Amino acid sequence: MGIYPRYAIYYAPARDSELGRFGTELLGYDAYDGADLPFPDGITFSRSDWLDITADPRKYGFHATLKAPMTLADGKTEADLAAACETFAATARQIPVIDPVVDSIDGFIAVIPASPSADLTHLAAEVTREFDSFRAPLTPEDRIRRNPAKLTPRQRDYLDRWGYPYVMEEFRFHMTLTGRLDAERREHAMAMLKSRFSDMSLHKLAIDRFALFRQDRADSRFRVIRDYVLEEIGG
């Protein structure tokens, strides 16, 4: 059994942004205030089917992982972590900008960059390193849950070193919209989500912010504690 609360550092669009509304409405959950939302009109699945399709990402809210969920290390507090987030955000850096698209990744559907971004990979690596001192070591149960036998040797090394296998060169930015789907449901959902996403005409997305999330119990969803805007070089 995991130890709670758990904390995570995620990219999350501003709550009043068009992208933020797109994601939260499709998931039926707003992590900023912990509220359930009605699904928008035009979902081409039954309500019960869409509830099932979005069940996994709804637990976390609409986000992209920068620092995966972690229990705080001994001697670390939420206030310490929030202060470190504030310091990190105030350090001027190059702000990554991506061309966002809706596509499939490992069997689920997400908003991802159309092409790799070195700036974004660098930012994610900074977050991984900067906040690792706040992370309690993985328990044996946590490690087993990651199914290390199915990871590559490098991913297993990263799991043991950083508590998460998909960091550094293995990092892939994705804002998850569905759970893993069979081919037929994925094709149907992909067509619908691509169409809805194209209605926004969102051709560039600056990854210029992040949020500190908390999960209080195993059966509770993640919620935003506080969000931060990154200081840009020359900004």
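This text goes with the structure placed above it.
Residues numbered from 1 in each chain as written. Predicted model: local features only at pLDDT ≥ 70, side-chain atom pairs only at ≥ 80, totals over all residues. Heavy atoms only, no water.

Novice: Looking at this structure, I do not really get the overall build of the protein chain. What am I missing?
Specialist: Looking only at helices and strands, one finds 8 helices and 11 strands in the protein chain. The C-alpha atoms of the protein chain give 17 Å as radius of gyration, which agrees with the globular expectation for 235 residues (18 Å, within 12%). Counting only C-alpha atoms, the protein chain reaches 50 × 45 × 35 Å along its principal axes. Within the protein chain, the proportion of its 235 residues that are buried is 49%. Taking all contacts inside the protein chain whose residues are at least 6 apart in sequence as the whole, residues at least 24 apart take part in 73%. Total accessible area on the protein chain stands at roughly 11,800 Å², and carbon and sulfur atoms take up 49% of it. Computed over 31 positive and 37 negative side-chain charges, the separation of the two mean positions in the protein chain equals 4 Å. (Helix = DSSP H or I, 4+ residues; strand = E, 2+ residues; numbered from the N terminus. Rg over C-alpha atoms; globule rule 2.2 N^0.38 Å. Buried < 20%, exposed > 50% of the residue type's maximum accessible area, 1.4 Å probe, protein only. Contact = heavy atoms within 4.5 Å. Areas by Shrake-Rupley, 256 points an atom, 1.4 Å probe, with all protein chains shown as cover. Lys, Arg positive; Asp, Glu negative; His and termini not counted. Charge placed at Lys NZ, Arg CZ, Asp CG, Glu CD.)

Novice: Mind showing me how you'd approach the side chain of Arg135 here?
Specialist: Along the chain, Arg135 turns up in the loop between α5 (118–130) and α6 (140–145). Side chain to side chain, Arg135 and Asp132 meet in a polar contact 2.8 Å long. Residues contacting Arg135, with those up to four places away along its chain left out, are Lys67, Met70, Thr71, Ala73, Arg161, Trp162 and Gly163. (Polar contact = N/O pair within 3.5 Å; in protein donor to acceptor, adjacent residues only side chain to side chain.)

Novice: What exactly am I supposed to notice about unusual backbone geometry here?
Specialist: With the exception of glycine, most residues fall at negative phi, and the peptide bonds are largely trans. With an omega of 5 degrees, the peptide bond running from Tyr4 to Pro5 counts as cis. You can see Pro5 is positioned in the segment before β1 (6–11). Look at Met168: it is not a glycine, yet its phi comes out positive at around 55 degrees. With respect to the helices, strands and loops of the structure, Met168 is situated in the loop between α7 (153–162) and β8 (175–176). A positive phi angle, near 55 degrees, is found at Ser201, a position not held by glycine. In this fold, Ser201 is placed in the loop between α8 (183–198) and β9 (205–206).

Novice: I keep staring at the environment of Asp227 and nothing clicks. Help me out?
Specialist: Within the secondary structure layout, Asp227 lies in strand β11 (residues 223–229). Sequence-wise, Asp227 and Phe213 are 14 residues apart; in three dimensions their C-alpha atoms are separated by 8.7 Å. Polar side-chain contacts of Asp227 include one of 3.0 Å to the side chain of Arg209.

Novice: Sorry if this is basic, but what is going on with the side chain of Thr24 here?
Specialist: Note on placement: Thr24 falls in helix α1 (residues 18–27). Among the polar contacts listed, one links the side chain of Thr24 to the backbone oxygen of Arg21, at a separation of 3.4 Å. In this structure Thr24 touches Tyr29, Asp30, Leu37 and Phe62, once residues within four positions along its chain are discounted.

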